[in-house]
Amino acid sequence: MPCEVTLIQEGDALCVCRKKRRDDAVLQVQRTLRCADTRLLPQDACLNLAVVSPALRALFEDDLAFLAAPGGAGEDVRLRYDAALAETDVRLTRYLARRLGAGPEDALLLCTRAAFRYPAVRLQRLEEIRGDTVVLAPCDSRGARYDSGAFRLMEIVCPETGGRIYLKSDHIRVDETLPAGAVRLNKKQRALLGDGVPTRLTAQQHARIEAWQAAAEEAPCDALAYYEADGDGWALRVPVRELPFAGRRSLQEALRAALQPQLLVRPVIASFGVRERRGARALADFFVGRSTLSLTCCRPYENDENACLVRLSAENMKRLGVEEMDQVIVQHAERRVRCRVLAFCGQESLRSTNLHAPEELSVGIPAHLRGELGLTDLHTAVKVDRDTVFLLKKSVNEQVVPVLLALLSLSFFERLPWWLTVGIVVLLLPVLFYLNLSARRSMRG
């Protein structure tokens, strides 16, 4: 979490503060727990995992919480339950304990996060699709009116699938004509959120589906037949997109009826009071042209784990307008890293390190870069931009400098005073930049 944002406990509230601004409505302290163990192993590629007593389950209906240390550090966590654990204890993964700076016997604050709940997902209107906009009803399913407050970013989370996407608050529009609890998403946004089909079921989800199928008079399909047991739960046998259309629809209907999923729209804590500052990059964006993709994080190949590069599909590289070993910017919430890019070698190679990750919707990020970005769950979507500053420098070296030297070699400039020559060069540079980069600007999807 950025150092500009601090967390201060005031009674039952955990205030989010940045400079003179503060918000005490987002985080509510539910319990003060003792850190009993920091050797918990991650599950289902989730590093921010905490185990608490089942007595606390009623406080966290989505098994999502916020864990904060008295020193001010805080992290979103996914909860699991252990009946052998005392109600005042909590177990953490090593990664989470390191992020919080917590050790055995330390006191930790277990908090709930305010969220707007939208169970009714509808198709996005055509005029809203290109802008990657999310349209919400003015009130959620519980009557709370949507308000982003002073948070620059909002995240949309599907607890049932684990998928999450991030949006600027001004990319979320409120439609007064929508009924309470309705949200409009385009097809790609639904796919990034899991499309209603978890790739792996927890024991609790498996039990809920089993109970629903036993009670239902006529189920669309046997949803559990699509899953097989593994070490962490029940994994989907084949990718959703490889199922026949009728089978995929019936599976989605069965899971929707059994799990009753709903989307959570909630503010990103680290974006409180933050203003976007682009600086010199705005000039590079003008000459080169911005190009951004939203993709789901996945593991790269094994030999990429110690490299400062990411993997994209060849098609997505064309849409971004980059070539292999060009530089891209990967952004997650308020964190970003610059790294080189290479293409995936094929879907089969991608499956060797990932569970059902579609190549066209994935970006392979090594573990050390995921740590820099604060990515703790592989189901999270990130933004991938081409680095316009890098491409501008590359164009200067390859095209602009040779053209400029050729112009200065003309005898016409020998007759002019030096100050006039310098002035002409200064005036010509923006024109040369813009003309030479016209091909780059057109290389965008």
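Residues numbered from 1 in each chain as written. Predicted model: local features only at pLDDT ≥ 70, side-chain atom pairs only at ≥ 80, totals over all residues. Heavy atoms only, no water.

## Here we look at the overall build of the chain
Looking only at helices and strands, the chain has 12 helices and 26 strands in total. Over its C-alpha trace the chain gives a radius of gyration of 25 Å, about what one expects of a compact globule, namely 22 Å for 445 residues. Residues classed as buried in the chain amount to 51% of the 445 residues present. In the chain, 77% of the contacts between residues at least 6 apart in sequence involve partners at least 24 apart. As displayed, the chain offers around 21400 Å² of accessible surface, 53% of which is attributable to carbon and sulfur atoms. (Helix = DSSP H or I, 4+ residues; strand = E, 2+ residues; numbered from the N terminus. Rg over C-alpha atoms; globule rule 2.2 N^0.38 Å. Buried < 20%, exposed > 50% of the residue type's maximum accessible area, 1.4 Å probe, protein only. Contact = heavy atoms within 4.5 Å. Areas by Shrake-Rupley, 256 points an atom, 1.4 Å probe, with all protein chains shown as cover.)

## Overview of the pairing of strand S6 (residues 64-68)
Burial within S6 is extensive, with 5 of its 5 residues counted as buried. Of the two faces of S6, the one lined by Leu64, Phe66 and Ala68 and the one lined by Ala65 and Leu67 are each fully buried. Relative to strand S7 (residues 74-81), S6 runs antiparallel, the two sharing 5 bridges. Note on S7: the bridge partner recorded for Leu64 is Arg78. What sits between S6 and S7 in their antiparallel hairpin is a turn of 5 residues, with Gly72 showing a positive phi close to 115°. (Pairing = 2+ DSSP bridges.)

## Focus: helix H4 (residues 203-215)
If you check H4, its first and last C-alpha atoms are 18 Å apart, about what 13 residues at 1.5 Å a residue would give, namely 18 Å. Among all positions in H4, only Gln205, His206 and Ile209 are buried. Down the axis of H4, the smallest arc covering the buried residues is 100°, so these residues share one side. Exposed residues lying more than 90 degrees from the buried face of H4 are Ala203, Ala214 and Ala215. The inward-facing, buried residues of H4 abut strand S17 (200-201), strand S19 (233-236) and helix H5 (245-259). (Expected span 1.5 Å × (residues − 1). Arc of directions from axis to C-beta.)

## Thoughts on the sheet that holds strand S15 (residues 172-174)
Spatially, 4 strands are ordered S11-S16-S12-S15 in an open sheet, and the strand pairing comes out mixed. Sheet topology places strand S11 (120-123) and S15 at the edges, where each strand pairs with a single neighbour. Direction aside, neighbouring strands of the sheet carry axes that sit 25° apart on average. (Axes fitted to C-alpha atoms, helices over the stretch in contact; angles between N-to-C directions.)

## Quick look at the packing of H4 against H5
Between H4 and H5, the least distance of the axes is 9 Å, while the angle of their chain directions is 100°. What the angle tells us is that H4 and H5 run roughly perpendicular. For the pair H4 and H5, the contacting residues are Gln205, Arg208, Ile209 and Trp212 in the first and Ala254, Leu255, Ala257, Ala258 and Leu259 in the second. When the residues that make up the contact of H4 with H5 are grouped by side-chain class, the tally is 7 nonpolar, 1 polar and 1 charged. (Parallel < 35°, antiparallel > 145°, perpendicular 65-115°, else oblique. Nonpolar A, V, L, I, M, F, W, Y, C, P; charged D, E, K, R; others polar.)

## With respect to empty space enclosed by the protein
Evaluation of the coordinates by the stated rule reveals 2 cavities of 30 Å³ or more. Lining the largest cavity are 30 residues, and of these Glu75, Asp76, Tyr166, His332 and Gly374 sit closest to its centre. Listed by contribution, the elements that provide at least two residues to the lining of the largest cavity are S6, S7 and strand S14 (164-168). In terms of residues, the lining of the largest cavity owes the most to one element, S7, which gives 5 residues. Considered class by class, the residues forming the lining of the largest cavity number 13 nonpolar, 6 polar and 11 charged. For the second largest cavity, the calculated volume is near 30 Å³. In terms of lining residues, the second largest cavity is bounded by Cys158, Glu160, Thr161, Gly196, Leu255, Arg256, Leu259 and Pro261. Tallied by class, residues from the lining of the second largest cavity come to 4 nonpolar, 2 polar and 2 charged. (1 Å grid on protein atoms, 1.4 Å probe; cavity = no way out; pocket = protein on both sides within 12 Å on 5 of 7 lines; lining within 4 Å. Points joined across faces, edges and corners; volume = space filled by probe spheres on them.)

## Quick notes on unusual backbone geometry
For Lys19, which is not glycine, the phi torsion reads 55° and is therefore positive. Here Lys19 shows up in the loop between strand S2 (13-18) and strand S3 (21-23). A positive phi is found at Asp63, a non-glycine position, where the angle reads about 60°. Topologically, Asp63 is positioned in the loop between strand S5 (49-52) and S6.

Everything listed here is a matter of geometry and, on its own, says nothing about what the molecule does.
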